[in-house]
Amino acid sequence: MASTSSTVTAEHFRYVAARTTPEDDFLKELRGAAAKAGLPAIHIAPEQGSFMRILLTLMGAKEVVEVGTLGGYSAIWMARSGARVTTIEKHEKHADFAERWIAKSDVASRVSLLRGAGMDVLPVLADASKDAAFLDADKAGYPAYLKECLRILRPGGLLLVDNAFAFGELLARQATDPEVESVRKFNEIMAKTAGLSGVIVPIGDGLWVAVKC
């Protein structure tokens, strides 16, 4: 039988989400508090958090760097793999909120928040010092973050990048979000970057999963 690919629909997304290990009450409370505090509702989907935790657990990740903390939701998911997470956030309001909620979490001792822009903080991290990196910040900055992460990741390290589907507008003829074109350009960069072996996983808003060869 010839191999075929199924069309991924909204129904498939809902099916996957309904059968994935869900977020717990603490993470639900965090999301609700973030909304009340006026943080953008752009956190990763719970099923994506569960998937990332599984990947980090399987690879035995010890050190992870994240660009774009927002409310700390994804950092907590990743730290629950057993890894230590260094997360970077440039917005003071977001960093203040994240610090409060990370401190109340079960992984407070494994998450360190660094304040500042990604390209101010990443260069101070040592070469080959991290097992995994997660990018979830301004999309125009992704190419520069990628370059730094390729330096920071050890050989065999894992690179995760959010929003590969450009907020659902990747294939739109007339996209409304100004960052869509940045995502499209970055997807082409990822596909052509030497020393990376990757795939876009259709979960959440599309997740790049790549290994540094």
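Up top is the structure these notes are about.
Residues numbered from 1 in each chain as written. Predicted model: local features only at pLDDT ≥ 70, side-chain atom pairs only at ≥ 80, totals over all residues. Heavy atoms only, no water.

*Asks:* Is there a simple way to explain helix 5 (residues 92-104) in this structure?
*Replies:* Along an α-helix, residues three or four apart share an orientation, since each turn contains 3.6 residues. Taking 1.5 Å of rise per residue, the 13 residues of helix 5 would be expected to cover 18 Å, and the 19 Å separating its terminal C-alpha atoms lies within 8% of that figure. Along helix 5, the positions that sit buried rather than exposed are H94, A95, F97, A98, W101 and I102. Take helix 5 and look down its axis: the buried residues cluster within an arc of 165°, on one side only. Relative to its buried face, helix 5 has exposed residues pointing more than 90 degrees away, namely A103 and K104. Close packing links the buried residues of helix 5 with helix 2 (25-36), helix 4 (73-79), strand 2 (84-89) and strand 3 (111-115). (Helix = DSSP H or I, 4+ residues; strand = E, 2+ residues; numbered from the N terminus. Expected span 1.5 Å × (residues − 1). Buried < 20%, exposed > 50% of the residue type's maximum accessible area, 1.4 Å probe, protein only. Arc of directions from axis to C-beta. Contact = heavy atoms within 4.5 Å.)

*Asks:* What's the story with the nonpolar core in this structure? I'm lost.
*Replies:* As a rule of thumb, soluble globular proteins bury nonpolar side chains together. Ranked by size, the top nonpolar core spans 36 residues in total, and within it L30, V64 and L160 carry the most contacts. Among the elements that line this core, the one with the most residues is helix 4, at six residues. In contact with V64, not counting residues within four places along its chain, are L56, M78, A83, R84, V85, T86, K130 and A132. Residues V121, A137, Y142 and I152 belong to the second largest nonpolar core, which totals 23 residues. (Core = buried A, V, L, I, M, F, W, Y, C linked by side-chain atoms within 4.5 Å.)

*Asks:* Any chance you could explain the packing of aromatic side chains here in plain terms?
*Replies:* Geometrically, a pair of aromatic rings is defined through the distance of the ring centres and the angle of the planes. Within this structure, the stated rule accounts for three aromatic pairs. Ring geometry for F97 versus W101: centroids 6.0 Å apart, planes at 25°, classification stacked. Separated by four residues within a single helix, F97 and W101 lie in helix 5, roughly one turn from each other. Here F97 and W101 have matching classes, each one buried. On the basis of an interplanar angle of 65° and a centroid distance of 5.0 Å, the ring pair of Y142 and F186 is categorised as edge-to-face. You can see Y142 sitting in helix 7 (residues 142-152) and its partner F186 sitting in helix 8 (residues 180-192), a full 44 residues away along the chain. (Phe/Tyr/Trp six-rings, centres within 6.5 Å; stacked < 30°, edge-to-face > 60°.)

*Asks:* Help me understand the pairing of strand 4 (residues 130-135) in this model?
*Replies:* Walk down a regular strand and you will see the side chains alternate between the two sheet faces. When you tally the buried positions in strand 4, you get six out of six residues, the bulk of the element. Sheet analysis places strand 1 (residues 63-67) next to strand 4, joined by four bridges and oriented parallel. Residue pairing for strand 4: V64 is matched across the bridge by A132. Two elements, strand 4 and strand 5 (residues 153-162), share five bridges in a ladder whose sense is parallel. Residue pairing in the sheet places K130 in a bridge with L153 of strand 5. (Pairing = 2+ DSSP bridges.)

*Asks:* Just to check I follow, could you spell out the packing of helix 7 against helix 8 for this structure?
*Replies:* The geometry of a pair of packed helices is captured by two quantities: the angle between their axes and the separation between those axes. The N-to-C vectors of helix 7 and helix 8 enclose an angle of 25°; their axes lie 10 Å apart at closest approach. The angle between helix 7 and helix 8 falls in the class roughly parallel. Packed against helix 7, whose contacting residues are Y142, P143 and L146, the element helix 8 presents F186, I189 and M190 at the interface. Looking at the contact of helix 7 with helix 8 residue by residue, the classes come out as six nonpolar, no polar and no charged. (Axes fitted to C-alpha atoms, helices over the stretch in contact; angles between N-to-C directions. Parallel < 35°, antiparallel > 145°, perpendicular 65-115°, else oblique. Nonpolar A, V, L, I, M, F, W, Y, C, P; charged D, E, K, R; others polar.)

*Asks:* Looking at this structure, I do not really get the pairing of strand 5. What am I missing?
*Replies:* Extensive coverage of strand 5 is indicated by the burial of seven of its 10 residues. The β-α-β motif built from strand 4, the intervening helix 7 and the parallel element strand 5 has right-handed crossover chirality. With five bridges connecting them, strand 5 and strand 7 (residues 207-212) associate as antiparallel partners. Within strand 7, the residue paired with L160 across the bridge is V209. (Right-handed = clockwise from strand over helix to strand, strands pointing away.)

*Asks:* Before we go on, may I ask you to explain the environment of E89 in this structure?
*Replies:* Here E89 lies in strand 2. Along the primary structure E89 and G68 are separated by 21 residues, whereas in three dimensions their C-alpha atoms are 5.2 Å apart. Within the structure, E89 has its side chain in polar contact with the backbone nitrogen of H91 (distance 2.9 Å). (Polar contact = N/O pair within 3.5 Å; in protein donor to acceptor, adjacent residues only side chain to side chain.)

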